[in-house]
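Fold and geometry: a report
The chain contents come next:
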Amino acid sequence: MVADALSRKSMGVLAHLAIQRRSLGREIQKLANDGIRLYETKEGGITTYALVQYSLIAHVKAKQDEDPYLVKLKEGVRNKEITALTLGSDRVLKLNDRLCVPDVNDLRKAIMKEAHSSRYSIHPGATKMYLDLKELYWWKGMKKQVADHVAKYLNF
C-alpha cells in the first residue's frame, strides 16, 4: 500500500518535471529565435550572448511583404474582411500572436532546420516539432511541411 502511494507520487513528480522541461525548452527556443544563444561553460554554468546578425524572426518580419499570399491577407485584415489575423503597429501579420512566415528565401525551411537541429529539441518527431513551432509561427500547410521535413531525417 505504501509502495503504491510512493509510486503514484513519484509518477506525478515525473510528469510535472516533464511539463516543466518542455516549457523550459520552448523558452530557450524563443530566446534562440530572438538571437540569444546559451552555452554551457566548463564549470557547469551558462553564458549567453546576443547575435549581431539578423535572427530568423527579424528576417520573417522583414520578408512578409515579399509573399503575395501574405500581402493579400494583410489587405484583408486592413479592410476588416479577415478577423482571425492581426496586423500590429509594426505592420507584422500574426495569427493568435503567432508570426506569419512568408514563403520566400527558404525561411520556412530555415525555421524547420533550426528547430530540428536545436540542442534543446532532442531530435523531435514531427508532432513535437510542429507543436513547438506552432507556439511561435504559422504558415499555410505548416503541419504537412513539418512532417515532410522530419521524415527526411528518419533512420531505419
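Above this text sits the structure in question.
Below or above, wherever it landed, is the structure these notes cover. (Residues numbered from 1 in each chain as written. Predicted model: local features only at pLDDT ≥ 70, side-chain atom pairs only at ≥ 80, totals over all residues. Heavy atoms only, no water.)

**A look at the sheet that holds strand β6 (residues 137–138)**
Just so we agree on the cut-off: Pairing between two strands is assigned when DSSP locates at least 2 bridges connecting them. Runs of E in the DSSP output that reach at least two residues are strands. Runs of H or I that reach at least four are helices, and both are numbered from the N terminus.
Overall, mixed pairing links the four strands, which are arranged β3-β4-β5-β6 in an open sheet. With partners counted over all chains shown, the strands left at the sheet margins are β3 (85–87) and β6, one partner each. Of the pairings in the sheet, the one linking strand β4 (residues 93–95) to strand β5 (residues 98–100) comprises two bridges and is antiparallel in character. Following the sheet pairing, Lys94 is matched in β5 by Leu99.

**Focus: helix α5 (residues 126–133)**
This is how the line gets drawn: Throughout, exposure labels follow a simple rule: accessible area from a 1.4 Å probe, protein chains only, divided by the maximum for the residue type, with under 20% read as buried, over 50% as exposed, and the rest as partly exposed. Arc, as used here, means the arc of the directions from the helix axis to the C-beta atoms.
Turning to α5, its buried residues are Met129, Tyr130 and Leu133. Taken end-on, α5 shows its buried residues confined to a sector of 100°, consistent with a single buried face.

**Regarding the nonpolar core**
The test is simple: We define the nonpolar core as a collection of buried residues of types Ala, Val, Leu, Ile, Met, Phe, Trp, Tyr and Cys that are connected through side-chain atoms lying within 4.5 Å of one another. Residue contacts are counted whenever heavy atoms from the two residues lie within 4.5 Å of one another.
Ile111, Leu133, Tyr137 and Val146 are the most contacted members of the largest nonpolar core, which totals 20 residues. For this core, the elements supplying multiple residues, two or more each, are α2 (56–63), α4 (107–117), α5 and α6 (142–151). For this core, the element with the most residues is α4, which contributes four residues. When near neighbours in sequence (up to four residues on either side) are disregarded, Val146 contacts Met112, Ala126, Met129, Tyr130 and Leu133. Formed by eight residues, the second largest nonpolar core is a distinct cluster that contains Val77, Leu93, Leu95 and Cys100.

**What about α4?**
Taken together, the buried positions of α4 are occupied by Leu107, Arg108, Ile111, Met112, Ala115 and His116. What you see down the axis of α4 is that its buried residues fit within an arc of 165°, all on one side. For α4, the exposed residues lying more than 90 degrees away from the buried face are Lys113 and Ser117. Buried residues along α4 sit in contact with α2, α5, β6 and α6.

**Quick look at the packing of α4 against α6**
Defined as follows: Simply put, an axis is a line fit to the C-alpha atoms, just over the touching stretch for a helix, and the angle between two N-to-C directions goes from 0 to 180 degrees. We call two directions roughly parallel when the angle between them is under 35 degrees, roughly antiparallel when it is over 145, roughly perpendicular when it lies between 65 and 115, and oblique otherwise. Crossing handedness: left-handed means the near helix sits turned counterclockwise from the far one by under a right angle, and right-handed means the same turn made clockwise. Gly is placed with the polar residues, together with every amino acid not listed as nonpolar (Ala, Val, Leu, Ile, Met, Phe, Trp, Tyr, Cys and Pro) or charged (Asp, Glu, Lys and Arg).
Two numbers describe how α4 lies on α6: the axes approach to 11 Å, and their chain directions differ by 55°. Judged on the interaxial angle alone, α6 and α4 are oblique. For α4 against α6, the interelement crossing comes out right-handed. Seen from α4, the contacting residues are Arg108, Met112, Lys113 and His116; seen from α6, they are Gln145, Val146, His149 and Val150. Split into classes, the residues belonging to the contact of α4 with α6 amount to three nonpolar, three polar and two charged.

**Side note on the side chain of Lys63**
As for its position among the elements, Lys63 is in helix α2. By relative accessible area, Lys63 is classed as buried at 18%. In contact with Lys63, not counting residues within four places along its chain, are Pro102, Val104, Asn105 and Leu107.

**Points about the pattern of salt bridges**
Our working rule: Between Lys or Arg on one side and Asp or Glu on the other, a salt bridge is scored when a side-chain nitrogen of the former is within 4 Å of a carboxyl oxygen of the latter.
Going through the model one piece at a time under the given rule, you end up with seven salt bridges. The closest approach of N and O atoms between Asp65 and Lys74, which form a salt bridge, is 2.8 Å. On the basis of relative accessibility, which here comes to 39%, the residue Asp65 falls in the partly exposed class. Owing to a relative accessible area of 2%, Lys74 belongs among the buried residues under this scheme. Glu75 is the partner of Arg78 in a salt bridge, and the nearest nitrogen-oxygen pair spans 3.2 Å. You can see Arg78 and its partner Glu75 sitting in helix α3 (residues 68–78), three residues apart, about one turn around the helix. Judged by its relative accessible area of 43%, Arg78 is partly exposed. Through salt bridges that share partners, Asp65, Lys74 and Arg91 make up one connected network.

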